[in-house]
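Take a look at the letters that make up each chain.
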Amino acid sequence: MNDTVPETPEPPVDPSDTRLDAKPRNQKLKYPGDMYTPQWVRYSGHIKEGYCDNCKPGKWLQLKNSAYWYHKQFFHGISSVSGKMFVPPVETRKSDAGDCTEGLCHQCRQWVTISTTKKKNSFLWFRHAHKCHVYIKPKSYVHNKRR
Ligand SMILES: [Zn+2]
Ligand SMILES: [Zn+2]
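Residues numbered from 1 in each chain as written. Chains lettered and ligands numbered in written order. Predicted model: local features only at pLDDT ≥ 70, side-chain atom pairs only at ≥ 80, totals over all residues. Heavy atoms only, no water.

(A) Spotlight on the packing of aromatic side chains. The tally for this structure, following the rule as stated, stands at eight aromatic pairs. On the numbers, 5.8 Å between centres and 90° between planes, the contact of tryptophan 69 with phenylalanine 74 is edge-to-face. Residue classification places phenylalanine 74 among the buried positions, given a relative accessible area of 8%. One aromatic cluster is present, formed by Trp69, Tyr70, Phe74 and Phe123 through successive ring pairs. Its end group placed over the ring of tryptophan 111, arginine 93 keeps NZ or CZ at 4.0 Å from the ring centre. (Phe/Tyr/Trp six-rings, centres within 6.5 Å; stacked < 30°, edge-to-face > 60°. Buried < 20%, exposed > 50% of the residue type's maximum accessible area, 1.4 Å probe, protein only. Lys NZ or Arg CZ within 6 Å of the ring centre and 35° of its normal.)

(B) Molecular detail of the coordination of the zinc ion (ligand 1). In this structure, Cys52 (SG), Cys55 (SG), His71 (NE2) and His76 (NE2) serve as the protein donors to the zinc ion (ligand 1), at separations of 2.0 to 2.2 Å. In this structure, the zinc ion (ligand 1) is coordinated by four donor atoms arranged in tetrahedral fashion, with angles at the metal of 100 to 124°. Site description for the zinc ion (ligand 1): donor spacing in sequence, C-x2-C-x15-H-x4-H. When sorted by exposure, histidine 71 lands in the same class as histidine 76, which is buried. (Donors = N, O, S within 2.8 Å, 3.2 Å for Na, K, Ca; no water. Tetrahedral: all angles 85-135°; square planar, octahedral: opposite > 155°, others 65-115°.)

(C) Here's a closer look at the sheet that holds strand S5 (residues 92-94). An order of S5-S6-S7 is seen for the three strands of this open sheet, with the pairing classed as antiparallel. Only two strands of the sheet have a single neighbouring strand rather than two, namely S5 and strand S7 (111-116). Here the strands of the sheet are splayed against their neighbours by 30° on average, with no regard to which way each runs. Across three bridges, the pairing between S5 and strand S6 (residues 100-104) is antiparallel. Across the sheet, the residue bridging to threonine 92 is glycine 103, located in S6. (Pairing = 2+ DSSP bridges. Helix = DSSP H or I, 4+ residues; strand = E, 2+ residues; numbered from the N terminus. Axes fitted to C-alpha atoms, helices over the stretch in contact; angles between N-to-C directions.)

(D) Here's a closer look at the pattern of salt bridges. Applying the stated rule across the entire model yields five salt bridges. One salt bridge in this structure joins arginine 19 and aspartate 17, with 3.3 Å as the shortest N-O distance. The buried category is assigned to aspartate 17, whose relative accessible area is 16%. The shortest N-O distance in the salt bridge between glutamate 49 and arginine 42 comes to 2.8 Å. (Salt bridge = Lys/Arg side-chain N within 4 Å of Asp/Glu carboxyl O.)

Below, the structure written as structure tokens:
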């Protein structure tokens, strides 16, 4: 297993942005292989934003109103609990009508709609995985340290 997350290069700075804390700040990840925690943040308080490096080009999303949380989980399929990709379906199949793809969930053993002709990405699967799957939060670096 590869637990290293590549370093994200510093996001571009907007020199015309004069707001306090507009310059991106580098953050430590919470545990090895953490794909959820943003490596770069900017601003503070309720307007604090995290940088999504899964987007090309990267994208700033607000942390306090769950925009970042929602985006990482349901757009990229990265669990905020495990910090890793949601577990993919054990098997996939076409629905009887042929208009959607279904996946077999390892957790509840049910067939779940992954995508339809209208919703082509895996949003529906991610939403199910978030509600259904049980993930264990990895130990953070801080707790690993012995004093
Ligand atoms: Zn993104
Ligand atoms: Zn399930």
